[in-house]
Number of protein chains: 2
Amino acid sequence: MPIEMRPSQSLRLWQQVMLAEVRDDFYDLTTRQMAILLTIYLDPPPHTVRALAEKLNVSKAVITRALDTMGAMKLVSRHRDEKDKRNVLIRRTVEGALYVERIGDVIIDKASELPI
Amino acid sequence: MPIEMRPSQSLRLWQQVMLAEVRDDFYDLTTRQMAILLTIYLDPPPHTVRALAEKLNVSKAVITRALDTMGAMKLVSRHRDEKDKRNVLIRRTVEGALYVERIGDVIIDKASELPI
DNA sequence: TCAATTCGTTTCGGTTCCGTTTCCAACGCG
DNA sequence: CGCGTTGGAAACGGAACCGAAACGAATTGA
C-alpha cells in the first residue's frame, strides 16, 4: 500500500524533521549536500562525480565541493577507479551509514506522532 | 490512522523530495530557513524573533538574518507590534503560502510514488 | 524618574558556499 | 605516436552564513 498523507500532515512531518535536524544539529548539511548523501546511500553504485552532477542537475564543481565537505566529515569516501583512472568512485562509510540511518529513524518517529 | 513507513521508504521519500527541491531549485533555502518558514506557516501566530529562536534552539541573530533573506524573497513579512514596540511580529505572505503549499504537494506526490 | 531589563538588529572577523573558468591527468582513436 | 576529448579538481572573486558581542529603542519597576 502506498503511503497516503493529507497536505497538513505532509507539511507537519516536514517541519518536525527539519526542526529535529536544526535543534540537535548533528551535521549542518545544506539541501544539496543532503540530496547527494542520500543518493549515494540509496541508489545503486558506482557513483561518479559526473553522474551525480547530472542526476541533481548541478555542475560538477558543486559535487566536488560537497564531497570535500562530507569527506572531511567522514560521511563518504573517494577512490580512484582503477579501470579508468580519470574517474573517482564515491563510496559509503560506516559513519555515513549510521548518519543516514538516524535520519530515517527521525522521519519514522515524527511520522508516527503525526496528528490524524 | 497514523502514518506508517518502513526505514527504506522514509529515506527514499526524503531523497526524492530533496532531489525535487535541488533540481527545480525554486528557492535555495537552508535547513534552518526551511524550519523557520514552516514553523511560521504551521504553528499558530503570533511569531516573534525571540519565540522562534527558542523553538529552534538558535540565537536571535540567526532568526533576524533568516528573516532578512526570506523577506527579500517575499516569503514572510515583518511588522512592529503596536502593543509593545520592542516586538517584531512575523507574518505570512501570499507568495510564501504558495511556496509552502507547493512543498506539501511535492511530499504527497513523492510519497504516493514510493515503492511498496 | 531613572536604572535595569528586554527585544531585535547590527557589527565584527572569519568560514563556507556559490558559479565560472581554467587546469591537468587519463583515455581513445586515427 | 599525437591530438582531441573526458573526468575531476583547483583557482577566482563574490555572496551568504556563522557565533559572539555590542548596540539602540522600548518597557518595567523601584
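Heads up: the structure comes first, above all this text.
Our subject in this report is the structure included herewith. Remember, predicted model here, so these are calculated numbers, not experimental data.

With an RMSD of 0.0 Å, the fit of chain A onto chain B corresponds to turning through 180 degrees and sliding 0.0 Å along the axis. Taken together, these values place the two copies in the relation of a two-fold axis. Within chain A, Thr30(A) has its C-alpha nearest the rotation axis, a separation of 2.9 Å. The fraction of interface residues of chain A whose copies in chain B are also interface residues reaches 100%, indicating that both copies meet through the same surface.

Looking now at the side chain of Asp43(A). By the secondary structure assignment, Asp43(A) is in the loop between α2 (31-42) and β1 (47-48). Polar contacts involving the side chain of Asp43(A) include one to the side chain of Lys55(A), which spans 3.0 Å. Side chain to side chain, Asp43(A) and Gln15(B) meet in a polar contact 3.5 Å long. In contact with Asp43(A), not counting residues within four places along its chain, are Leu38(A), Lys55(A), Arg92(A), Arg12(B) and Gln15(B).

For the rest of this paragraph, the subject is the protein's contact with DNA strand D. DNA strand D sits among 21 residues. The nearest are Arg50(A), Lys60(A), Thr64(A), Arg32(B) and Gln33(B). In the environment of DNA strand D, a base nitrogen lies 2.5 Å from a nitrogen or oxygen atom belonging to the side chain of Lys60(A). Arg78(A) is positioned such that a nitrogen or oxygen atom in its side chain is 3.0 Å from a phosphate oxygen of DNA strand D. The set of elements that each furnish at least two residues to the surface near DNA strand D consists of α3 (49-56) and α4 (60-72) of chain A together with α2 (31-42) and α4 (60-72) of chain B. Looking at the surface near DNA strand D residue by residue, the classes come out as 5 nonpolar, 5 polar and 11 charged.

Further remarks concern the nonpolar core. Ranked by size, the top nonpolar core spans 78 residues in total, and within it Trp14(A), Leu37(A), Trp14(B) and Leu37(B) carry the most contacts. With near-sequence residues (within four places) excluded, Leu37(B) lies in contact with Leu29(B), Met70(B), Leu75(B), Val76(B), Tyr99(B) and Val100(B).

This brings us to the packing of α2(A) against helix α5 (residues 94-112) of chain A. Residue and element names in this part refer to chain A. Following both chains from N to C, one finds α2 and α5 inclined at 105 degrees, their axes separated by 11 Å at the closest point. Put simply, α2 runs roughly perpendicular to α5. Taking contact as the criterion, the partners of Met34, Leu37, Leu38 and Tyr41 in α2 are, on α5, Gly96, Ala97, Tyr99, Val100 and Ile103. Among the residues making up the contact of α2 with α5, the classes are represented as 8 nonpolar, 1 polar and no charged.

All names here are of chain A. Pairing within the open sheet is antiparallel, and its 3 strands lie in the order β1-β3-β2. Each edge of the open sheet carries a strand with a single partner, namely β1 and β2 (76-80). Of the strand pairs in this sheet, β1 and strand β3 (residues 88-92) are connected by 2 bridges, and their pairing is antiparallel. The residue bridging Thr48 from the neighbouring strand is Leu89, located in β3.

Bringing the pattern of salt bridges into the picture now. Residue and element names in this part refer to chain A. The full count for this structure, using the stated rule, is 11 salt bridges over all chains. Among the ionic pairs, Lys55 bridges to Asp43, the shortest N-O distance being 3.0 Å. One end of the pair, Lys55, is in helix α3; the other, Asp43, is in the loop between α2 and β1, with 12 residues separating them in the sequence. Look at Lys55 and you get partly exposed, because its relative accessible area is 33%. Take Asp43: its relative accessible area is 11%, and that puts it in the buried class. Across the salt bridge formed by Asp68 and Arg78, the nearest N and O atoms sit 2.2 Å from each other. Taken as a pair, Asp68 in helix α4 and Arg78 in strand β2 lie far apart in primary sequence, 10 residues in all.

This brings us to the protein's contact with DNA strand C. Arg65(A), Lys85(A), Arg50(B), Lys60(B) and Thr64(B) are the nearest of the 22 residues found near DNA strand C. For DNA strand C, the fraction of protein-proximal atoms (within 4 Å) that sit in sugar or phosphate groups is 67%. Here Arg50(B) contributes a backbone N or O atom positioned 2.8 Å from a phosphate oxygen of DNA strand C. One nitrogen or oxygen atom from the main chain of Val88(B) is found 3.3 Å from a phosphate oxygen belonging to DNA strand C. When contributions to the surface near DNA strand C are tallied by element, the ones reaching two or more residues are α2 and α4 of chain A together with α3 (49-56) and α4 of chain B. Of the residues contributing to the surface near DNA strand C, the split by class is 5 nonpolar, 6 polar and 11 charged.

The rules behind these values
Residues numbered from 1 in each chain as written. Chains lettered and ligands numbered in written order. Predicted model: local features only at pLDDT ≥ 70, side-chain atom pairs only at ≥ 80, totals over all residues. Heavy atoms only, no water. Least-squares fit on C-alpha atoms with pLDDT ≥ 70 in both. Contact = heavy atoms within 4.5 Å. Helix = DSSP H or I, 4+ residues; strand = E, 2+ residues; numbered from the N terminus. Polar contact = N/O pair within 3.5 Å; in protein donor to acceptor, adjacent residues only side chain to side chain. Near = heavy atom within 4 Å. Nonpolar A, V, L, I, M, F, W, Y, C, P; charged D, E, K, R; others polar. Core = buried A, V, L, I, M, F, W, Y, C linked by side-chain atoms within 4.5 Å. Buried < 20%, exposed > 50% of the residue type's maximum accessible area, 1.4 Å probe, protein only. Axes fitted to C-alpha atoms, helices over the stretch in contact; angles between N-to-C directions. Parallel < 35°, antiparallel > 145°, perpendicular 65-115°, else oblique. Pairing = 2+ DSSP bridges. Salt bridge = Lys/Arg side-chain N within 4 Å of Asp/Glu carboxyl O.

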